[in-house]
Amino acid sequence: MLTTSYSYLLLLLPAAVLARDDFRTRRVGLVWLAVLGITAVVTAWLTQERHAMAEHTLCNALMLLLSGALLALCLRLCGQRIVRAAGAGDGMFLFCVTPLFPPAEYIRFMIACCLAALIWWVCSGRRYRTIPFVGTGGIVLAVWGAIQFLRL
């Protein structure tokens, strides 16, 4: 059986594959999002109490829903549509990792993903029409998982 420290390594493969696919094609596979969701649940199951995992998932999903609604409202007020600003894979990625984090840490994770995406966009040289949010989020998740594994 995996020890709790090793369970964080389960997140590395789906995060890496999702990041690679998003950087290459700006599309992520539904199968790999499902694998990420399953590994996130397994990792949370092994590292947290079951009640805490369920509470984190519910609170983080509600925060994600609220932030998505506020983003849609903000974009609507600016005359834009949300389908041009965010892809379905971005939302699914953020939903898949909800069991892993307590609510305050989940907000920090979302901010870290946004900052990583912004840094990529600024440093990319060319201004792309889309930003690989799942790709940068996958890198942030992989770094977080490695830090948790090493207990830094």
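Residues numbered from 1 in each chain as written. Predicted model: local features only at pLDDT ≥ 70, side-chain atom pairs only at ≥ 80, totals over all residues. Heavy atoms only, no water.

Quick one: what's the story with the packing of helix α2 (residues 12–25) against helix α8 (residues 133–150), residue by residue and with numbers?
For the pair α2 and α8, interaxial distance at closest approach is 7 Å and the crossing angle is 155°. One finds that α2 runs roughly antiparallel with respect to α8. Helix-helix and strand crossings are classified by hand; for α2 and α8 the assignment is left-handed. On α8, the residues that touch Leu 12, Ala 15, Leu 18, Ala 19, Asp 22 and Phe 23 of α2 are Phe 133, Val 134, Gly 135, Thr 136, Gly 138, Ile 139, Leu 141 and Ala 142. The class makeup of the residues in the contact of α2 with α8 is 10 nonpolar, 3 polar and 1 charged. (Axes fitted to C-alpha atoms, helices over the stretch in contact; angles between N-to-C directions. Helix = DSSP H or I, 4+ residues; strand = E, 2+ residues; numbered from the N terminus. Parallel < 35°, antiparallel > 145°, perpendicular 65-115°, else oblique. Left-handed = near helix turned anticlockwise from the far one by under 90°. Contact = heavy atoms within 4.5 Å. Nonpolar A, V, L, I, M, F, W, Y, C, P; charged D, E, K, R; others polar.)

Report on the packing of aromatic side chains, specifying residues and quantitative values.
For the coordinates displayed, the defined rule picks out 7 aromatic pairs. Seen from their ring centres, Phe 23 and Trp 120 are 6.1 Å apart, and the 55° between their planes marks the pair as tilted. Taken together, the residues span a long stretch of sequence, with Phe 23 in helix α2 and Trp 120 in helix α7 (residues 103–123) at a distance of 97 residues. The exposure class of Phe 23 is partly exposed, given its relative accessible area of 28%. (Phe/Tyr/Trp six-rings, centres within 6.5 Å; stacked < 30°, edge-to-face > 60°. Buried < 20%, exposed > 50% of the residue type's maximum accessible area, 1.4 Å probe, protein only.)

Lay out α7 in plain terms, naming residues and giving numbers.
Look at α7: 30 Å from first C-alpha to last across 21 residues, which is about the 30 Å you get at 1.5 Å a residue. When α7 is considered as a whole, its buried residues turn out to be Tyr 106, Phe 109, Met 110, Cys 113, Ala 117 and Trp 120. With its buried residues spanning 95° around the axis, α7 presents them on a single face. Away from its buried face, by an angle of more than 90 degrees, α7 presents the exposed residues Arg 108, Ile 119 and Cys 123. Lining the buried residues of α7 we find α2, α4 (50–77), α6 (88–96) and α8. Looking one or two residues beyond α7, the residue adopting positive phi is Gly 125, at roughly 85°. (Expected span 1.5 Å × (residues − 1). Arc of directions from axis to C-beta.)

Hey, could you go over the side chain of Thr 136 for me, with residue numbers and the actual values?
Looking at where Thr 136 falls in the secondary structure, it is placed in helix α8. Residue Thr 136 is classed as buried on the basis of its relative accessible area, which comes to 4%. Not counting residues within four places of it along the chain, the set of residues in contact with Thr 136 comprises Phe 23, Cys 113, Ala 116, Ala 117 and Trp 120.

Read these as layout, nothing more, since geometry by itself doesn't imply function.
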